[in-house]
Amino acid sequence: MATIDTPVDNGVNTEALLGAREALGVSPEAAAFTWRASCNWVHGTHSTSTVQGFSGLGTEHQHKKTFTFEADHPECFASQDIGATPVETVLAGLASCLTAGVAAVAQHRGIQLRSVVATLEGDMNILGILGADPDVRNGFSAIRVRFDIDADASPDDIRALVAQSQKRSAVFDIITNPTAVTVEVA
Amino acid sequence: MRTAVVVIGAGHNGLAMSRRLSERSIDHVVIERGEVANSWRTERWDSLRLLTPNWLTRLPGRAYDGPDPDGYASAVEVATFVDGYATQFSAPVHTGTTVTAVRAAGEGYEVTTDQGRWHCAAVVIASGACNLPALPLVAADVPPDVAVHTPLSYRSPGDLEPGRVLVVGASATGVQLADEIHRSGRPVTLSVGEHVRLPRTYRGRDIFWWTDRAGILDERHEEIDDIVRARNLPSPQLIGTSERRSIDLDTLAASGVEIVGRLGRIVDRVAQFSGALANTCTLADLKANRLLTRLDDWAVAQGLDGEVGPPERLEPTSITATRPVLELDLRRAGFRSVLFATGYRPDLSWLEPSVVDRKGHIRHSGGVVDGAPGIYVVGYPMLRRRRSSYISGAISDSAELAQLLHDHLDKRVSMKSQ
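Conventions we followed
- Residues numbered from 1 in each chain as written.
- Chains lettered and ligands numbered in written order.
- Predicted model: local features only at pLDDT ≥ 70, side-chain atom pairs only at ≥ 80, totals over all residues.
- Heavy atoms only, no water.
- Phe/Tyr/Trp six-rings, centres within 6.5 Å; stacked < 30°, edge-to-face > 60°.
- Helix = DSSP H or I, 4+ residues; strand = E, 2+ residues; numbered from the N terminus.
- Buried < 20%, exposed > 50% of the residue type's maximum accessible area, 1.4 Å probe, protein only.
- Lys NZ or Arg CZ within 6 Å of the ring centre and 35° of its normal.
- Pairing = 2+ DSSP bridges.
- Axes fitted to C-alpha atoms, helices over the stretch in contact; angles between N-to-C directions.
- Right-handed = clockwise from strand over helix to strand, strands pointing away.
- Domains from an automatic or database assignment.
- Contact = heavy atoms within 4.5 Å.
- Buried area = accessible area lost by both parts, 1.4 Å probe.
- Salt bridge = Lys/Arg side-chain N within 4 Å of Asp/Glu carboxyl O.
- Polar contact = N/O pair within 3.5 Å; in protein donor to acceptor, adjacent residues only side chain to side chain.
- Nonpolar A, V, L, I, M, F, W, Y, C, P; charged D, E, K, R; others polar.
- pLDDT = per-residue confidence, 0-100.

**Let's talk about the packing of aromatic side chains**
All names here are of chain B.
Consideration 1: Throughout the structure, instances matching the rule amount to 9 aromatic pairs over all chains.
Consideration 2: Ring geometry for F208 and Y390: centres 4.9 Å apart, planes at 75°, overall edge-to-face. Within this pair, whereas F208 is found in helix 5 (residues 207-213), its partner Y390 is found in the loop between strand 24 (375-377) and helix 9 (393-417), the two being separated by 182 residues in sequence. The burial state of F208 is the same as that of Y390; both residues are buried.
Consideration 3: Taken together, the aromatic side chains of Y202, W209, W210 and W298 make up a single cluster linked through ring pairs.
Consideration 4: The cationic tip of R44 hangs over the ring face of W40; the distance from NZ or CZ to the ring centre is 4.7 Å.
Consideration 5: Directly above the ring of W209 sits R205, whose terminal nitrogen or CZ lies 4.4 Å from the centroid.

**Brief notes about the sheet that holds strand 7 (residues 108-113) of chain B**
Residues and elements named next belong to chain B.
Consideration 1: Ordered by their spatial adjacency, 3 strands build an open sheet running 6-7-8, and the pairing between neighbours is antiparallel. Only two strands of the sheet have a single neighbouring strand rather than two, namely strand 6 (99-105) and strand 8 (116-120). Across the sheet, the mean angle from the axis of one strand to that of its neighbour is 20°, orientation sign disregarded.
Consideration 2: Here strand 6 runs beside strand 7; their pairing, made up of 6 bridges, is antiparallel. What sits directly across from V99, in strand 7, is T113.

**Focus: the pairing of strand 12 (residues 164-168) of chain B**
Residues and elements named next belong to chain B.
Consideration 1: In terms of burial, strand 12 is largely enclosed, as 4 of its 5 residues are buried.
Consideration 2: With 5 bridges connecting them, strand 12 and strand 20 (residues 335-340) associate as parallel partners. Considered in strand 20, the bridge of V165 is made with S337.
Consideration 3: Of the strand pairs in this sheet, strand 12 and strand 13 (residues 188-192) are connected by 4 bridges, and their pairing is parallel. Looking at the pairing, V165 lines up with V188 of strand 13.
Consideration 4: A crossover connection joins strand 12 to the parallel strand 13 through helix 4 (residues 172-183); in handedness this β-α-β unit is right-handed.

**Description of unusual backbone geometry**
Residue and element names in this part refer to chain A.
Consideration 1: Notably, A78 is not glycine yet its phi reads approximately 65°, a positive angle.
Consideration 2: Within the secondary structure, A78 is located in the loop between strand 3 (59-71) and helix 2 (86-108).
Consideration 3: Take A78: its relative accessible area is 74%, and that puts it in the exposed class.

**Some points on the domain arrangement of chain B**
For interface size, the figure often reported is the accessible area lost on association.
All names here are of chain B.
Consideration 1: With domains assigned, chain B is organised as domain 1 (5-131 + 346-417) and domain 2 (135-340).
Consideration 2: Listed per partner, the contact involves 29 residues of domain 1 and 31 residues of domain 2.
Consideration 3: Roughly 2600 Å² of surface becomes buried between domain 1 and domain 2 when both sides are summed, with 53% attributable to carbon and sulfur atoms.
Consideration 4: The tally of links from domain 1 across to domain 2 stands at 5 salt bridges.
Consideration 5: Salt-bridge contacts for R387 lead to D212; the nearest nitrogen and oxygen are separated by 2.7 Å.
Consideration 6: Here domain 1 and domain 2 share 15 residue pairs in polar contact (both at pLDDT 80 or more) between them.
Consideration 7: A per-class count over the side of domain 1 that touches domain 2 returns 12 nonpolar, 7 polar and 10 charged.

**Remarks on the domain arrangement of chain A**
Residue and element names in this part refer to chain A.
Consideration 1: Domain boundaries in chain A define domain 1 (30-84) and domain 2 (85-177).
Consideration 2: Here domain 1 and domain 2 have C-alpha centroids that lie 20 Å from each other.
Consideration 3: At the junction of the two partners, domain 1 supplies 7 residues and domain 2 supplies 6 residues.
Consideration 4: Summed over both sides, the interface between domain 1 and domain 2 buries roughly 380 Å², with carbon and sulfur atoms accounting for 78% of that surface.

**Section: the interface of chain B and chain A**
Consideration 1: Each side of the interface is counted separately: chain B has 18 residues, and chain A has 20 residues.
Consideration 2: Taken together, both faces of the contact between chain B and chain A bury some 1400 Å²; the carbon and sulfur share is 54%.
Consideration 3: For chain B, the biggest contributors to the area lost against chain A are B:N279, B:L286 and B:R323; these three give 32% of the whole.
Consideration 4: Taken together, the links from chain B to chain A amount to 2 salt bridges.

**Topic: the confidence of the model for chain B**
Consideration 1: With 99% of its residues at a pLDDT of 70 or more, chain B has an overall mean of 95.
Consideration 2: Here the predicted complex scores 0.91 on pTM and 0.81 on ipTM.

**Comments concerning the side chain of B:R384**
Residues and elements named next belong to chain B.
Consideration 1: With respect to the element layout, R384 can be found in the loop between strand 24 and helix 9.
Consideration 2: Engagement of the side chain of R384 in a polar contact is seen with the side chain of E400, the distance being 2.6 Å.
Consideration 3: Leave out the neighbours within four places in its chain, and R384 touches E219, R220, H221, G366, D397, E400, L401 and L404.

Listed below in C-alpha cells is the structure:
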C-alpha cells in the first residue's frame, strides 16, 4: 500500500522566516527592532499597560489593534487582584516565547505537533521585595518550565526541539542573562 | 622582485600550498615573519598537545612515521615535523620577513615586506586564523587588580598569581587550561557558554578514527547546514593524553572546578553569569549522542560491529542538576586572574583590498576570496571541509586551491595572448 506523505503543518511559515534571515544578512540595519509598551497607573497596585506600535525593518509598524494588560497584586497582598501580578506576566512571556519557538523549530524540522503544554513555576522569597532581608534577591530564585509535548518524533528529537527553542528564545535570554536597563524621569 | 605567487606564512598550510605550487612548477616564494612553523614554536602553551592522533598528522608528501601513531604531538613535535617538511622539498621560504602591506597593483598584487617588495599575480594568505585573541567586550570590565590572560600569552600555571582563576570559555583550550590550572593548586571557576562535547575514544577507538573513516571530516563546506555557525563553533572538548582520557564538564566538576554559565557582564567587580547553563549542556549532550548514533549507523553499514566495542551513550551532564552560581564578586571571592579562552581572530591589518565583511571576517568561498581575484586563504576552520580545522585538512585543501590558482594564472595568460 502506498503511504501518503502529509506535509507537516504547525501553522508556522518557515519559508518567510528563512527568507527574512537571508534578506537581513544582506541589509543588517533592517534587523534593528525596538519594542514598546506604556503603562498607566490606575489605583493602588493596579495598572494598565498597552502595546501598540513598534519599529523594525526600517519603518514603523502598528499592531492590528491595541493590546492591553491589567496588572495588580492578589488579595493576600492587601490588593484587589484585578490582574495578574507582573511576575506572573513574566512567566507567561517566557512560556509563550518558548512555545512559539517549539512550533517554529518543529515546523523547520518537519515534526508535526499535536499538543504542546508548558507549565511554569517561579520561586520567590518575598522577604526580598519587602526589604526585610538584604541577602534575599527581589526576583525569582529559580524558574522551572515543564513541557508536555505530543508530536510525531522520538523523545530525543523532542528534547532537542525544546533545547533549540530555548537557544533561540528572546525572553529566555532576557531572563537568564543580564540586560542594561536605564530608567529616567521625564 | 617578481614571482607568480606569494604565499604569506610558512606554517603547515602555507608549506602545503608551496609544495603543490612546486609540483606544478609555479614560481613562488613563501614569506615568513619568523622561523618555519613560527606560531607552533612561539604562541602555544607548554603542555599543548594536538587534538588529533599522530597518525592523522600528514601533509602532501609527508606523514607521521614515528613510534607512537596513537599519541598526540606537542607543539615542539609539530614544529619539528613542519620544519622537516619544509626542508624535504626545499620550500622557497624567506624567513625573518614581515609582510606590511598587500595591495592591488596592475593586474596582480604588490606585497610589501620589511625586506623589499614583491609583484605577483596571486597571493595565498596562510598566516593563520589564530593571530590575536578574540576578547568579548566584557573583558574591558575586569577590575584593574585582576590580571587578564589569553591562551596566546599563557604558557603554564606558574604565569598566574596564586589565588582563584576565572577561565572564560569551554572550548578544547578552555577545558584543558581549566584542568591544568586547577591541578596547580589555583582554584578554577569555568564559565561555559555554547560548547561541543566529544568523548576521547568511542567503542575502543579514538573519536578521530571514527570521524575520519566515516567521512565526517570530509564533509564539504557547501554541504554543511549553516556554515557560518559551524565555523564559529568552539573546538570540541578534547585533550590529548597518554591514557586517552575524556574531559568534559562533569570530569572537571568532579576534580573540583566550579562550573558557571556564560559570562554576561561585570558590574562593580561582580561578574554575572547566564542562568542558561543547563540548556547549553543539554544541547551539547544531545548533539554528541546524535553524532554517536550516526557513527553506530555507519559501523552497521560497514559491517564493523564485530571489530569495535559495543555502542555507548554519554550520560547527560549532571552538574546542571545543581543550581549554578549566577554572581561572583571577583575581589571578595579572591580572584586574581581571568583567562579568556574565547577564541582567536586573524590579523589581516596589512591586507588592503576590501575583502572583509561588516564583522571583520574575510569573505571567501572555500578559501577563494570574494572580490579579489587571485587571492586565496588557507588554514581557517572548516575552510573547505570539516577536516580543514586540522592539520590533515591541508592535503585536500591545498590540492584543490592549487588547481583553482593554476586555472587563474592560465586565464590571465590566455587573456594576454588574445
